[in-house]
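# Architecture at a glance
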Number of protein chains: 2
Amino acid sequence: MLTYYTATTLDGFLADPEDSLDWLLRQPHDEDGPFGFDAFMAGVGAVVMGSTTYEWVLAHEGGNWPYSLPAWVMTSRNPALVDGADIRFASGDVRPVHAAMTAAAGGRRLWLVGGGDLAGQFAEAGLLDEVVVSIAPVTLGAGRPLLPRRLDLQLVEAGVNGAFVGARYRVTGPLLEDRS
Amino acid sequence: MLTYYTATTLDGFLADPEDSLDWLLRQPHDEDGPFGFDAFMAGVGAVVMGSTTYEWVLAHEGGNWPYSLPAWVMTSRNPALVDGADIRFASGDVRPVHAAMTAAAGGRRLWLVGGGDLAGQFAEAGLLDEVVVSIAPVTLGAGRPLLPRRLDLQLVEAGVNGAFVGARYRVTGPLLEDRS
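Residues numbered from 1 in each chain as written. Chains lettered and ligands numbered in written order. Predicted model: local features only at pLDDT ≥ 70, side-chain atom pairs only at ≥ 80, totals over all residues. Heavy atoms only, no water.

### Some words on the packing of aromatic side chains
Applying the stated rule across the entire model yields 18 aromatic pairs over all chains. Relative to W111 of chain B, the ring of Y5 of chain B lies with its centre 6.2 Å away and its plane at 80°, an arrangement referred to as edge-to-face. Of this pair, Y5 of chain B sits in strand β1 (residues 2-9) while W111 of chain B sits in strand β6 (residues 109-114); the two residues are 106 residues apart in sequence, bridging distant segments of the chain. Judged by relative accessible area, which is 4%, W111 of chain B ranks as buried. Aromatic ring contacts, followed pair by pair, group Y5, F37, F40, Y54, W65, Y67, F89 and W111 of chain A into a single cluster. Across from the ring centre of W72 of chain A, 4.5 Å away, lies the NZ or CZ of R88 of chain A, which sits over that ring. (Phe/Tyr/Trp six-rings, centres within 6.5 Å; stacked < 30°, edge-to-face > 60°. Helix = DSSP H or I, 4+ residues; strand = E, 2+ residues; numbered from the N terminus. Buried < 20%, exposed > 50% of the residue type's maximum accessible area, 1.4 Å probe, protein only. Lys NZ or Arg CZ within 6 Å of the ring centre and 35° of its normal.)

### Describing the environment of V113 of chain B
Residue and element names in this part refer to chain B. Along the chain, the position of V113 falls in strand β6. When the C-alpha atoms of V113 and V48 are compared, they prove to be 6.1 Å apart, with 65 residues separating the residues in sequence. When neighbours within four sequence positions are excluded, V113 is seen to be in contact with Y4, Y5, T6, V47, V48, M49, T53 and Y67. (Contact = heavy atoms within 4.5 Å.)

### Side note on helix α3 (residues 51-60) of chain B
Residue and element names in this part refer to chain B. Taken as a whole, α3 has its buried residues at S51, T53, Y54, V57 and L58. The buried residues of α3 occupy an angular sector of 160° when projected down its axis, which confines them to one face. Residues of α3 that are buried make contact with β3 (44-50), β4 (71-74), β5 (87-90) and β6. A positive phi of about 65° marks G62, the residue just after α3. (Arc of directions from axis to C-beta.)

### Remarks on the sheet that holds strand β7 (residues 130-136) of chain B
Taken together, the 9 strands give an open sheet; going across it, the order is β8(A)-β10(B)-β11(B)-β7(B)-β1(B)-β6(B)-β3(B)-β4(B)-β5(B), and neighbouring strands pair in mixed fashion. Each edge of the open sheet carries a strand with a single partner, namely β8 (138-139) of chain A together with β5 of chain B. (Pairing = 2+ DSSP bridges.)

### Some thoughts on the side chain of T53 of chain A
All names here are of chain A. Positionally, T53 belongs in helix α3 (residues 51-60). Taking relative accessible area as the criterion, T53 reaches 16% and is therefore assigned buried. Discounting chain neighbours no more than four positions away, the residues touching T53 are V113, G114 and G115.

### Observations concerning unusual backbone geometry
Residue and element names in this part refer to chain A. With omega at 0°, the peptide bond leading from G114 into G115 counts as cis. As for its position among the elements, G115 is in the loop between β6 (109-114) and α5 (116-124). Here D19, not a glycine, exhibits a phi torsion of approximately 65°, which is positive. The phi torsion at F35 lies on the positive side, around 65°, for a residue other than glycine.

### Some remarks on the pairing of strand β4 (residues 71-74) of chain A
All names here are of chain A. Residues A71 and V73 line one face of β4 and the alternating positions W72 and M74 line the opposite face, and both faces are buried. As paired strands, strand β3 (residues 44-50) and β4 are joined by 4 bridges and run parallel to one another. Its bridge partner lying in β4, V48 is registered against W72.

### Notes on the relation of the copies chain A and chain B
Least-squares fitting of chain A to chain B yields an RMSD of 0.0 Å, with the superposition described by an axial translation of 0.0 Å and a rotation of 180°. On this basis, the relationship between the two copies can be described by a two-fold rotation axis. Closest approach to the rotation axis among the C-alpha atoms of chain A is made by G12 of chain A, whose C-alpha sits 2.5 Å away. Most of the interface of chain A is mirrored in chain B: 100% of its interface residues are interface residues there too. (Least-squares fit on C-alpha atoms with pLDDT ≥ 70 in both.)

### Things to note about the pairing of strand β11 (residues 164-174) of chain A
Residue and element names in this part refer to chain A. Within β11, 8 of the 11 residues are buried, which leaves the element mostly enclosed by the surrounding structure. Here 6 bridges tie strand β7 (residues 130-136) to β11, and the two strands are oriented antiparallel to one another. Considered in β11, the bridge of E130 is made with R170. Looking at chain direction, strand β10 (residues 151-161) and β11 are connected through 10 bridges and run antiparallel.

Here's what the structure looks like:
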């Protein structure tokens, strides 16, 4: 069970064109409320992210690595290592990464931290099960896209947490052909 | 009170790159449910739209004009007229259009039908009061942007209607400067 759990702007951006999240971090919310991070994270057994997300996390955390779970970083670059962190670098096909994550997660869910294109790659491989978004009350007009693919989703639940609208979707597949 | 009431994809598109709404029109919903069209429209006294929206409406309605309310179409093109329809063409500054709509609306609200850039123009002039979205369970990855500006919003209410998440926002202004 791979879940893309992320915040997004109302107009579908993960970050602004300079990869800033300052528009996000000042929004009021309750980590323990609906769609909150803590309850989600308690069910996660492994994480995966792209290289931009990895570098953002390191910069944001002052060079420290915040996750104790096994982590995969999809990258064709040669990123910095973090002492003591449980991180594997990988590139190319996402399917063996998904298999290795599943084996490492001990029956718990897999978290796709970001970014959008990596989510699209998992979706194309039929391996993205859920998209859970916290929609910030902001439009940016430009930036890093949430999920740059044509996909059909199914709404499972929605709710409000502070300034955010939260929504959980099942990924049902590529967008149906137009019926007109 | 000018409200931008529209459907959007989860990734912030009003229409696909060919201006198709086929991904939208097949989604189940209740016109009388939360954020439904009928209750909204009952409070509207005048409408405004851009030229792409105007041409889409005409094509979608087989050349007929579906609105009896006074309508403004912002266009620098020379669009087709519709016999018997209460339509004014305008271009340039949106402020005199807003004033004329307010005078015509008899105290009722103004509906900005689309598109996104026109919404941005009203927002820049400080004349966009509300954004009400029905978020379809679809990502497109490309298309006509919902609101191509940096804006701060304030969530007023949210709910579910069929396949859609509905949300109402107050426009609070241009995006705050980053505080980092």
